[in-house]
Amino acid sequence: MYHPVPPISKEFRMAGIWSVGSVLLFLVSYVILISMLLLLIAGAVYGATLLIAWYTSWPTIALFVVVMVMTALVLIFLFKFVAKEHVTDLSHLIEIVEADQPALFELIRQTTNEVGTKFPRRVYLGSDVNAAVFYDSSFWSMFFPVRKNLQIGVGLMNSTTLSEFKAILAHEFGHFSQRSMKVGSYVYHSNRVMHDMLFDDESYRDMAERWASIHGYVYAGVRLAQGLVASIRWVLRKIYQVLNVNYYKLSREMEFHADAVAASITGAEPMINALLRMGLSVHALDKVQEFYQNQTGGASIPTNIYAGQRFVMTHLAGELQVPLQGGLPQITEIDMGRFDKSKLVLTDQWASHPSTRDRVDRLRLLMMTAASVDHQPANTLLQDCAAVELKLTQHLYRELEINGALESCDSAEFERRFVDSWQQYRLPELYRGYFDSRDPYVYKNPQDFNDQTETFSGADQVFSDERIEDLKTLEALNSDLIILGQIQRGEIDVPSFDYDDKRYQKADSPAVIEVLEAAQSGLEHQFGRLDKQICYFFYKLAENSGQAGLFEQRYQAYAAASETARNYHNDYLAIVGGAAYMMRRLPYDDIINSTEALKKMEPRFKKTVEAMCADPAFARCMTEEQLELLQKYLSKDWTYFDKDMYHDSQVDLLYAAINIIFAVNNQALFYAKKDLLSYQAELASAQPVYGAKADEQAEFAVE
């Protein structure tokens, strides 16, 4: 190790004490409940046995059966967790051995030796941006150690350096290396057992229902047992909530400590760099998968999804103006702050991991530097990396290949199509993201501008750094208000929160909301004025070039498209609300009534579907497959529910049509917005400067 592992923190120690105390509270409560129930059951069984011995008849036999069934089901509920085993699904993973990947195994062995833990039992490669230690567990895992397996995501190796990758491995092994971490493992197993007993009871309920269908006497015993089990579960769930809060607090401290273990091996900087880049790495891989799911209509698959991930990461880094080192984006805390202007900080008591910002701050405090840093890509550890990436890609898309012959898309073709798609959904650079989440002012006629006496000197003044930063501040304010509202209503369960570096209690949230709403209102008013000033700026450009009439036509077209899209969205919301009952368990009569109500509102939705299919502005946003599906939906009067059962294919068709309409409506509105903004950008390009002198610029200030 380059540095000694720091001792466990006071917070870690206290979280461990509270977690163990919560486990003991649960176990004591559980033992007391079991003792009481066993006494009750023993008394019931003894009484029923005496009754049968004294007087054997159908009523006494029935009572005996009821009691025995109740006893059996309650005992099964109380002890079913002992037989429960969690087996990890390995279908998405590929096992590798040292003979095939000697360099990777050598690094794993070196890391486990330096951390002071055992070499993993098996090593698997996965497709994602992740690394994890896992194992099959059961109740007995609390008492008998289990050898761990290691999962390594090729997407992770594709987006980290060798030093960063080693730091992540050290973090994973660090969870099991220190004696102080053993309590966390024990609490984890205890928490898992309790969760299984209280929540994972589908097989138990199915068994009880099967028993209930055997005979009326058995049915009575099942219902009595379910009543007792419901009471037991209610009591234990209340205690489990306390345990869970303390468990998550301990889990967060364990993450901090595992980060410290990693920093002791590689220095803090590699772990910090990996954490800061992780979000972009995941986003890049998701973008590639999303591209193949949506852009190609399922007609093609990538030959190498990781080549696509590298390209998208580089592309996004260029868009975000993030520098590259060794082909990897170098994200900093400053970059995070550019996109996150929120002043609200929560300690989420239900989160198992700390936030990236908190982890980075803790690592900085360690002040552990590395003797040397290896900036080579981590995927150079893989022998014949291209073949491994190809194999993982084929494994990821194996089900699609089985279901039909698909066209393979090579890297060059993907890059071309991805950039084309990116440009298709991108607004002109002139606006610098101003209209990404904001709509243009709806201009009607020149009289709208009677209150405008001056305009900007150029587009660079309109969309200045200060205004873009102020807009991000407003967006963060809107987001903070949503979260504070959830805190006030109890939807987010936190005892306190920080805002602008000041601590507040939950009871203070209404007062904080009132202050922020006033600030929000002021900013919205100022940006509303700016929206109109921006529109006037482009109107003057159009007027100066003799295009005032065309300018008005463009805005009228956009206003009409916005109104149409708004009406279609209301129809979408109505049908979503009407069909929501299909996702819930309801009594038969409620299903019949809800289906009848749905059928009454469906004609309006079908008219919307017909209108969108016939309108070129919306039809251009549909693929052939989507259009065929909508036409199939329109072709019949579907029943959805009949003869005590749902017609799954019909329900799937309805929801597919609903989802298509939502996506197409949003896409058509975006295109209308882009058409207008592109026209304005052309005006600015032809006449970059117009109007007032520098000292006559329109005022716009955000307090």
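For the structure itself, look to the data block above.
Residues numbered from 1 in each chain as written. Predicted model: local features only at pLDDT ≥ 70, side-chain atom pairs only at ≥ 80, totals over all residues. Heavy atoms only, no water.

J.: Describe the overall build of the chain, listing the residues and the values that go with them.
T.: Scanning the chain from terminus to terminus reveals 23 helices and 15 strands. Counting across all 703 residues of the chain, residues that qualify as buried make up 45%. In the form shown here, the chain has an accessible surface area of approximately 35,900 Å², with 56% of it arising from carbon and sulfur atoms. (Helix = DSSP H or I, 4+ residues; strand = E, 2+ residues; numbered from the N terminus. Buried < 20%, exposed > 50% of the residue type's maximum accessible area, 1.4 Å probe, protein only. Areas by Shrake-Rupley, 256 points an atom, 1.4 Å probe, with all protein chains shown as cover.)

J.: Which residues make up the packing of aromatic side chains, and what values go with them?
T.: Within the structure shown, the criterion is met by 35 aromatic pairs. The interplanar angle of 90° and the centroid separation of 5.2 Å between the aromatic rings of F291 and F414 together place this pair among those described as edge-to-face. Note that F291 is positioned in helix 9 (residues 268-294) and F414 in helix 15 (residues 411-424), a separation of 123 residues in sequence. Side by side, F291 and F414 carry an identical accessibility label, which is buried. The ring of Y633 carries the charged tip of K606 above its face, separated from the ring centre by 4.9 Å. (Phe/Tyr/Trp six-rings, centres within 6.5 Å; stacked < 30°, edge-to-face > 60°. Lys NZ or Arg CZ within 6 Å of the ring centre and 35° of its normal.)

J.: Tell me about the side chain of N149, and please be specific about residues and values.
T.: Along the chain, N149 falls in strand 6 (residues 149-153). A relative accessible area of 7% places N149 in the buried class. With residues near it in sequence (within four places) discarded, N149 still touches P120, R121, R122, Y124, A132, V133, F134 and Y135. (Contact = heavy atoms within 4.5 Å.)

J.: How would you explain the nonpolar core if you had to name every residue and give the values?
T.: Core analysis: the biggest nonpolar cluster contains 77 residues, and Y434, F538, F551 and Y633 have the highest contact counts within it. Contributing elements (two or more residues each) for this core: helix 17 (465-489), strand 12 (496-499), helix 18 (509-544), helix 19 (548-579), helix 20 (588-614), helix 22 (624-635) and helix 23 (648-686). When residues in this core are grouped by element, the largest group, 18 residues, is from helix 23. Among all residues touching Y633, those that are not within four sequence positions of it are E602, F605, K606, V609, W638, Y640, L653, L654 and A657. Ranked by size, the runner-up nonpolar core spans 63 residues in total, among them I94, F105, A284 and A317. (Core = buried A, V, L, I, M, F, W, Y, C linked by side-chain atoms within 4.5 Å.)

J.: Describe helix 15, and please don't skip the residues or the numbers.
T.: Taking 1.5 Å of rise per residue, the 14 residues of helix 15 would be expected to cover 20 Å, and the 20 Å separating its terminal C-alpha atoms lies within 8% of that figure. Within the sequence span of helix 15, burial applies to F414, R417, F418 and S421. The arc enclosing the buried residues of helix 15, seen along the axis, measures out at 105°, which places them on a common side. (Expected span 1.5 Å × (residues − 1). Arc of directions from axis to C-beta.)

J.: Break down helix 10 (residues 305-319) for me, with residues and values.
T.: Given a rise of 1.5 Å per residue, 15 residues ought to cover 21 Å, and the 21 Å separating the end C-alpha atoms of helix 10 matches this to within 8%. Every buried residue of helix 10 is accounted for by I305, Y306, A307, G308, Q309, V312, M313, H315, L316 and A317. Put simply, N304 is the residue that caps the front of helix 10, since its side-chain oxygen is 2.9 Å from the backbone nitrogen of Y306. Downstream of helix 10 by one or two residues, Q321 has phi in the positive range, about 60°. (Polar contact = N/O pair within 3.5 Å; in protein donor to acceptor, adjacent residues only side chain to side chain.)

J.: Please give an account of the sheet that holds strand 3 (residues 123-126) that cites residues and values.
T.: Strand order in the open sheet formed by four strands is 2-3-6-4, and the pairing between neighbours is mixed. Of all strands in the sheet, those bounded by a partner on one side alone are strand 2 (94-96) and strand 4 (131-134). In this sheet, neighbouring strand axes are inclined to one another by 30° on average, regardless of whether the strands run parallel or antiparallel. Taken together, the four bridges between strand 3 and strand 6 define a ladder with parallel strand orientation. Its bridge partner lying in strand 6, V123 is registered against L150. (Pairing = 2+ DSSP bridges. Axes fitted to C-alpha atoms, helices over the stretch in contact; angles between N-to-C directions.)

J.: I'd like a description of the pattern of salt bridges, backed by residues and values.
T.: Throughout the structure, instances matching the rule amount to 30 salt bridges. With a shortest N-O distance of 3.0 Å, E98 and R109 are connected by a salt bridge. Highlighted residues: E98 in the loop between strand 2 and helix 3 (102-115) and R109 in helix 3, separated in sequence by eleven residues. Measuring nitrogen to oxygen at the nearest pair gives 3.8 Å for the salt bridge that ties K287 to E290. Of this pair, K287 and E290 both sit in helix 9, three residues apart, roughly one helical turn. Note on E290: relative accessible area 39%, which makes it partly exposed. What emerges from the salt-bridge pattern is a single network uniting E413, R416, R417 and D420. (Salt bridge = Lys/Arg side-chain N within 4 Å of Asp/Glu carboxyl O.)

J.: Can you lay out the pairing of strand 13 (residues 502-505) for me, pointing to particular residues and giving the numbers?
T.: Along any regular strand, the residues point their side chains to alternate faces of the sheet. Sheet topology note: the strand 12/strand 13 ladder contains four bridges and is antiparallel. Within strand 13, the position partnered with Y499 by the bridge is K502. Once strand 12 ends, the chain turns through two residues before running back antiparallel as strand 13, passing D500 with a positive phi of about 55°.

J.: Any details on the environment of T112? Residues and values, ideally.
T.: When you line up the elements, T112 lands in helix 3. By relative accessible area, T112 is classed as buried at 2%. Sequence-wise, T112 and A170 are 58 residues apart; in three dimensions their C-alpha atoms are separated by 7.3 Å. A polar atom in the side chain of T112 sits 2.9 Å from the backbone oxygen of R109.

J.: Give a detailed account of the sheet that holds strand 12, specifying residues and quantitative values.
T.: The antiparallel open sheet is built from three strands, whose spatial order is 10-12-13. This sheet does not close on itself; its edge strands, each paired only once, are strand 10 (344-345) and strand 13. Running over the sheet, helix 17 touches strand 10 and strand 12 and is turned about 165° from strand 12.

J.: Could you give an account of the environment of V123, naming the residues involved and the relevant values?
T.: Structurally, the position occupied by V123 is in strand 3. In the structure, V123 is positioned 26 residues away from V97 in sequence and 7.2 Å away in space, judged by C-alpha atoms.

J.: Would you mind going over the packing of helix 5 (residues 162-174) against helix 9 in detail, with residue names and values included?
T.: Look at helix 5 against helix 9: their axes get within 8 Å of each other, and the N-to-C directions meet at 95°. On the basis of their axis angle, the class for helix 5 and helix 9 is roughly perpendicular. For the pair helix 5 and helix 9, contact is made by S163, E164, A167, I168 and H171 and by P270, M271, N273, A274, R277 and M278, respectively. For the contact of helix 5 with helix 9, a count of residues per class yields six nonpolar, three polar and two charged. (Parallel < 35°, antiparallel > 145°, perpendicular 65-115°, else oblique. Nonpolar A, V, L, I, M, F, W, Y, C, P; charged D, E, K, R; others polar.)

J.: Summarise a nonpolar patch on the surface; cite the residues concerned and give the values.
T.: A contiguous nonpolar patch, built from M14, I17 and W18 and spanning about 330 Å² of accessible area, is present on the exposed surface. The residue M14 is located in helix 1 (residues 10-54) in this model. By relative accessible area, M14 is classed as partly exposed at 37%. (Patch = residues over 30% accessible without salt bridge, like charges linked within 9 Å, V, L, I, M, F, W, Y side chains within 5 Å.)

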